[in-house]
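If you want the building blocks of each chain, they are given just below.
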Amino acid sequence: MRVVRICCGPYDSLSYLVIEGEEALLVDAGPPSEALVEAVEREGVKLRFVLITHGHYDHLTGLRGLQALTEVPAYAHPLEVEFFREVWPLSLEPPELKPLPDEIYLSGLKVEVIHTPGHTPGSTCYYLKDGRVLFTGDTLFAGAVGRTDFKGGNEGELKRSLKLLMKLPKDVRILPGHGEPTLLERELPMLRALTAP
Ligand SMILES: [Zn+2]
């Protein structure tokens, strides 16, 4: 398994191409569609689907252009599929998101879905146990956690979600929707302080 980071576009949002064999999945679609398409072509892989961490527009702006070229489905948590249309701020039509399937595999590589509400109701982290990688969207960053002051945000829910992530192995690599990658171990002191009763 390999992960290619795709940067960045007007909102500094990151997407990640996860490659297993000759197939790939994309986590989020914030960079311009040209950057997403270019990465897929450069790697010479077949893009199977897109997994959306949450429906804020800065994670979705490249999706429609990508889907215009390839009929790739984009999945998000069922709660987010409804919610994101309520907070869509752009005059452009929002893209179409489908609810996550029960099981997600890429060429035999299992993707675990961890529902982590708090930043938005359907925020989701995607965990690849085999690669020790966690895609956290806007739930957890290097040195910070997601904002809860947007519509649909909830601080109590975010804390419960962070406690779920704290149970993962310490050496898990965190790949967030903005900024630098980090390790769970490095973020644990901050997470313990934030979730302390
Ligand atoms: Zn967000």
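Residues numbered from 1 in each chain as written. Predicted model: local features only at pLDDT ≥ 70, side-chain atom pairs only at ≥ 80, totals over all residues. Heavy atoms only, no water.

Caption draft 1: Examining the coordination of the zinc ion more closely. The protein atoms that coordinate the zinc ion are H54 (NE2), H56 (ND1), H119 (NE2) and D138 (OD), at distances spanning 2.2 to 2.3 Å. Each donor residue of the zinc ion belongs to the same chain, with the gaps between them written as H-x1-H-x62-H-x18-D. One end of the pair, H54, is in the loop between strand 4 (46-51) and helix 2 (63-69); the other, D138, is in the loop between strand 10 (133-137) and strand 11 (140-141), with 84 residues separating them in the sequence. Residue class for H54 comes out buried when judged on its relative accessible area of 0%. The buried category is assigned to D138, whose relative accessible area is 7%. (Donors = N, O, S within 2.8 Å, 3.2 Å for Na, K, Ca; no water. Helix = DSSP H or I, 4+ residues; strand = E, 2+ residues; numbered from the N terminus. Buried < 20%, exposed > 50% of the residue type's maximum accessible area, 1.4 Å probe, protein only.)

Caption draft 2: Main features of the nonpolar core. Grouped together as the largest cluster of nonpolar side chains are 26 residues, with contacts concentrated most on L17, L26, L47, V50, L63, L66 and L97. Going through the elements one at a time, strand 1 (2-6), strand 2 (15-20), strand 3 (23-27), helix 1 (33-43), strand 4, helix 2, strand 5 (74-76) and helix 3 (78-86) are the ones with two or more residues in this core. The leading source of residues in this core is helix 1, at 5 residues. Apart from the residues lying within four places of it in its own chain, the contact partners of L47 are L17, A24, L25, L26, V40, L66 and V72. Counting 19 residues, the second largest nonpolar core, distinct from the first, contains L51, I104, V111 and F135. (Core = buried A, V, L, I, M, F, W, Y, C linked by side-chain atoms within 4.5 Å. Contact = heavy atoms within 4.5 Å.)

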